[in-house]
Amino acid sequence: MSTATIASQQDTPSLKARLLGTPSVGPLLVLVAFCIIFALTNPRFLATQNISIILQQTVIIGTLAIGQTLVILTAGIDLAVGAICVLGTIVAGKLVNLGYDPVFSMGFAILLCTGAGLAAGSLIAGLRLPPFIVTLGILGILTAALRLISEGGAFPVRDPFLAWTGNTMKVGGFVLTYGILIMLALYGFVWYLLNQTKWGRHVYAIGNNPEAARLVGIPVRRHLLSVYLLAGFIYGIAAWLALGRIPNADPNAMQTANLDSITAVVIGGTSLFGGRGGLIGTLIGALIVGVLRNGLTLAGIDPLWQDLVTGILVIIAVALDQMSRRRN
Amino acid sequence: MSADSMTRDATDASSRVVLEARNVVKTYGHVTALDGVDFELRAGEILAVVGDNGAGKSTLIKALTGAVHPTSGEILLDGAPVHFKGPLDARHAGIETVYQDLAMAPALDIASNLFLGRELRCEGVMGSVFRRLDKKRMREEARRAMSELKFRLPSIGNAVEALSGGQRQGVAVARAALFARKLVIMDEPTAALGVRETGQVLELIRSIRERGLAVVLISHNMPNVFEIADRIHIMRLGRRAAVVTPQSHSMNDVVAIMTGAVAA
Ligand SMILES: Nc1ncnc2c1ncn2[C@@H]1O[C@H](COP(=O)(O)OP(=O)(O)O)[C@@H](O)[C@H]1O
Ligand SMILES: [Mg+2]
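This structure is a prediction, so every number in the text was calculated from the model and none was measured.

## Looking at the overall build of chain B
Line of reasoning, step 1. Within chain B, the secondary structure is distributed over 10 helices and 10 strands.
Line of reasoning, step 2. Here chain B has a C-alpha radius of gyration of 19 Å; the compact-globule value for 264 residues is 18 Å, and the two agree.
Line of reasoning, step 3. Considered along the principal axes of its C-alpha atoms, chain B spans approximately 65 × 40 × 40 Å.
Line of reasoning, step 4. A buried classification covers 54% of the 264 residues belonging to chain B.
Line of reasoning, step 5. Within chain B, residue pairs in contact and separated by at least 24 positions form 66% of the contacts whose partners lie at least 6 positions apart.
Line of reasoning, step 6. Carbon and sulfur atoms make up 50% of the accessible area of chain B, which totals about 11,300 Å².
Line of reasoning, step 7. Side-chain charges in chain B split into 33 positive and 30 negative, and the spacing between the mean points of these groups amounts to 6 Å.

Here it is in structure tokens:
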């Protein structure tokens, strides 16, 4: 009798428990701390124009990090993010330059990126190969193939539709590109999938305990396949956003996209061991990377130091994750 | 007269047989895990399955739930032969299993784990078009199930990894109880628990029986078995050596039959 009342009293956890249990609170505090430091040292940092620039600089990594989050939540890792995105820019650019319809070209490029995700997923889920190796292999294959297709060099892509995501609109003094809005819409959509649907629940379950997921009847392999497929599609959208920022298709671009997207995910509090974390953290993580690079640039500090600070942040984040797991 | 046939005469002949195995054999290459075992579970009873290591308890349970396919023999549910292709088939038929490693996602909360793989969606368009989970209803149902089973837990919103071993076991058992329509099978549910937690889980098993479900309990713990079981199925060398009751036999008798010191 008394047990029933105890169970019903605390149906939802207290605010404190919820804050402590929410992995994105830590990253948010870090983001705010960086903003305060940069704002105090440089008044230009908080100018609306600079904030717009930070957002624009965050768009591509921020979008790639959505797919990376999905993959990492299943206890995988995606080292082909940058390569798949570059595949999108080169194919779309090449087709448009050959005279194909721009909407068709971009659509076809996004489809190819989705196909690349599907290929990775098939090898990982179907043949049970480790994600690390599979995506590393795809990275190698794509990099070589793209250099062949583009004959080694970058080429300009001048098409209003492919560049459309770089167009701007003014919202209360802020200059926002359509790319920023598309990125935010993708965050909203995937957040909904992860947090409000069975599909998302099962992503977490598989990352947590794949054997348990199988025993309760979740089709684990098919589910993994759908994760890599969606990730590939998102990398394709990121290719469109990339063409909106720089109207150039470059086979050598995005060399740091792997590290940067993983950084955003990990700093955002998602565990590399899978099953813990979420997209809000990733958005904050991507912003931390953006703010850091921007703030250090404004302070006139050599870009090398930016990589160094980012690297330190990743290691701290992974160490915190590891420690919290040991405690459990 | 064998202990087997003696207890058959002694128990209420009117109680229906829910799950039955007849002459089931399972071989792995040269190893015979089950050597023509019979099994009989009656409606509303707690049947303990005991036996030495390697006697074939786990294999028997796996054969009953479709996790392994018998080499020969028959399995009947409510009197009708069944051929489960996998554990999911058995679940659809109303049989729930509590696995020894509990099959939980530790970072997800209690309600999510209770409904794992069987999540509820919202009614109306939100559910059918937007595929939205009905988290509120799942929490409510989870809370109701736990209080019906009189199992004491902190918040339903807690992650399973924040629970003690006994509480986790409670969640796993409650999940089985919540969804089972015919029977619940448990593999060593108290093996890793302290005295107080063991008591709580035994209490849970009794509440499941009160709900009218039959329970199969695999256990090494003789005092537990004698405390809770209606009948005891003793495995030896891949066969049923005897079925006894806690009233008809002592713990020493059961151990003697298990080890073959006494022919049943
Ligand atoms: N997958 C398997 N492959 C080979 N032998 C097995 C397998 N599973 C069980 N056995 C053998 O079958 C016998 C019964 O095992 P098991 O059912 O696990 O016994 P128990 O659960 O009573 O300890 C043992 O001799 C065991 O070694
Ligand atoms: Mg066993």
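## Observations concerning the UniProt feature "transmembrane region" (unreviewed entry) in chain A
Residues and elements named next belong to chain A.
Line of reasoning, step 1. UniProt tags residues 20-41, 79-96, 103-125, 131-150, 171-194, 225-243 and 264-292 as "transmembrane region" (unreviewed entry).
Line of reasoning, step 2. Secondary structure within residues 79-96 divides into 89% helix and 0% strand; the distance between the first and last C-alpha atoms comes to 28 Å.
Line of reasoning, step 3. Secondary structure content for residues 103-125 is 100% helix and 0% strand, and the end C-alpha separation is 32 Å.

## Description of the layout of surface pockets
All names here are of chain A.
Line of reasoning, step 1. Space inside the second largest pocket adds up to approximately 750 Å³.
Line of reasoning, step 2. Along the wall of the second largest pocket there are 25 residues; nearest its centre are Gln 57, Ile 60, Ile 61, Arg 245 and Ile 246.
Line of reasoning, step 3. Sorting the residues of the lining of the second largest pocket by element identifies helix H4 (48-73), helix H5 (81-97), helix H11 (220-245), strand E4 (248-249), helix H12 (257-267) and helix H13 (279-298) as the ones contributing at least two each.
Line of reasoning, step 4. The element best represented in the lining of the second largest pocket is H13, accounting for seven residues.
Line of reasoning, step 5. Considered class by class, the residues forming the lining of the second largest pocket number 12 nonpolar, eight polar and five charged.

## A word on the confidence of the model for chain A
Line of reasoning, step 1. Residues with a pLDDT of 70 or more make up 92% of chain A, whose mean pLDDT is 90.
Line of reasoning, step 2. Throughout residues 1-11 of chain A the model reports pLDDT below 50, and contacts reaching past four residues in sequence, or to other chains, amount to 16 contacts.

## Overview of the sheet that holds strand E5 (residues 80-81) of chain B
Residues and elements named next belong to chain B.
Line of reasoning, step 1. Spatially, four strands are ordered E2-E1-E4-E5 in an open sheet, and the strand pairing comes out antiparallel. What marks the edges here is a single partner per strand, and that holds for strand E2 (31-42) and E5.
Line of reasoning, step 2. Here strand E1 (residues 17-28) pairs with strand E4 (residues 72-77) via five bridges, running antiparallel. Bridged to Arg 22 within E4 is Glu 74.
Line of reasoning, step 3. Where helix H2 (residues 57-64) meets the sheet, it contacts E1, E2 and E4, and its direction lies at approximately 65 degrees from that of E2.

## Some thoughts on the pairing of E2(B)
Residue and element names in this part refer to chain B.
Line of reasoning, step 1. Inspection of the sheet shows E1 paired to E2 by nine bridges, in the antiparallel sense. The residue bridging Glu 20 from the neighbouring strand is Glu 40, located in E2.
Line of reasoning, step 2. Between E1 and the antiparallel strand that follows it, E2, lie two residues; Gly 29 among them carries a positive phi value of about 60 degrees.

## Observations concerning the packing of aromatic side chains
Residue and element names in this part refer to chain A.
Line of reasoning, step 1. Inspection of the entire model under this criterion finds eight aromatic pairs over all chains.
Line of reasoning, step 2. With a centroid separation of 6.0 Å and 35 degrees between ring planes, the pair formed by Tyr 100 and Phe 104 is classed as tilted.
Line of reasoning, step 3. Assessed through its relative accessible area of 43%, Phe 104 is described here as partly exposed.
Line of reasoning, step 4. The structure contains a cluster of three or more aromatic residues connected by ring pairs, namely Phe 161, Trp 164, Tyr 178 and Trp 240.
Line of reasoning, step 5. Above the ring of Phe 155, the side-chain terminus of Lys 94 is found at 5.0 Å from the ring centroid.

## Some words on the pattern of salt bridges
All names here are of chain B.
Line of reasoning, step 1. In this structure the tally under the stated criterion is 21 salt bridges over all chains.
Line of reasoning, step 2. Note that Arg 239 and Asp 35 form a salt bridge whose closest N and O atoms lie 3.7 Å from each other. With Arg 239 in strand E10 (residues 239-244) and Asp 35 in strand E2, this pair connects stretches of sequence that are 204 residues apart.
Line of reasoning, step 3. A residue is classified by how much of its surface remains accessible, and Asp 35, at 33% relative accessible area, is partly exposed.

## With respect to the site of ligand 1
Residues and elements named next belong to chain B.
Line of reasoning, step 1. Every residue near ligand 1 is listed here: Tyr 28, Val 31, Ala 33, Asp 52, Asn 53, Gly 54, Ala 55, Gly 56, Lys 57, Ser 58 and Thr 59.
Line of reasoning, step 2. One of the side-chain N or O atoms of Thr 59 is found 2.5 Å from an oxygen atom in ligand 1.
Line of reasoning, step 3. Isolated, ligand 1 exposes 550 Å² of accessible area, and the fraction of that covered by the protein chains is 60%.
Line of reasoning, step 4. Residue contributions to the shell around ligand 1 peak at three residues, all from H2.

## Examining the packing of H4(A) against H11(A)
Packed helix pairs are specified by the crossing angle of their axes together with the interaxial distance, meaning the distance between the axes.
All names here are of chain A.
Line of reasoning, step 1. The geometry of H4 relative to H11 is characterised by a closest axis approach of 8 Å and an angle of 175 degrees between their N-to-C directions. The angle between H4 and H11 falls in the class roughly antiparallel. Contacts from Gln 56, Gln 57, Val 59, Ile 60, Thr 63, Leu 64, Ile 66, Gly 67, Gln 68, Leu 70 and Val 71 of H4 reach H11 at Val 227, Tyr 228, Leu 230, Ala 231, Ile 234, Tyr 235, Ala 238, Leu 241, Ala 242 and Arg 245.
Line of reasoning, step 2. When grouped by side-chain class, the residues that make up the contact of H4 with H11 number 15 nonpolar, five polar and one charged.

Reading guide: rules and limits
Residues numbered from 1 in each chain as written. Chains lettered and ligands numbered in written order. Predicted model: local features only at pLDDT ≥ 70, side-chain atom pairs only at ≥ 80, totals over all residues. Heavy atoms only, no water. Helix = DSSP H or I, 4+ residues; strand = E, 2+ residues; numbered from the N terminus. Rg over C-alpha atoms; globule rule 2.2 N^0.38 Å. Buried < 20%, exposed > 50% of the residue type's maximum accessible area, 1.4 Å probe, protein only. Contact = heavy atoms within 4.5 Å. Areas by Shrake-Rupley, 256 points an atom, 1.4 Å probe, with all protein chains shown as cover. Lys, Arg positive; Asp, Glu negative; His and termini not counted. Charge placed at Lys NZ, Arg CZ, Asp CG, Glu CD. UniProt positions renumbered as here; feature names shortened; annotations may be inferred. 1 Å grid on protein atoms, 1.4 Å probe; cavity = no way out; pocket = protein on both sides within 12 Å on 5 of 7 lines; lining within 4 Å. Points joined across faces, edges and corners; volume = space filled by probe spheres on them. Nonpolar A, V, L, I, M, F, W, Y, C, P; charged D, E, K, R; others polar. pLDDT = per-residue confidence, 0-100. Pairing = 2+ DSSP bridges. Axes fitted to C-alpha atoms, helices over the stretch in contact; angles between N-to-C directions. Phe/Tyr/Trp six-rings, centres within 6.5 Å; stacked < 30°, edge-to-face > 60°. Lys NZ or Arg CZ within 6 Å of the ring centre and 35° of its normal. Salt bridge = Lys/Arg side-chain N within 4 Å of Asp/Glu carboxyl O. Near = heavy atom within 4 Å. Polar contact = N/O pair within 3.5 Å; in protein donor to acceptor, adjacent residues only side chain to side chain. Parallel < 35°, antiparallel > 145°, perpendicular 65-115°, else oblique.

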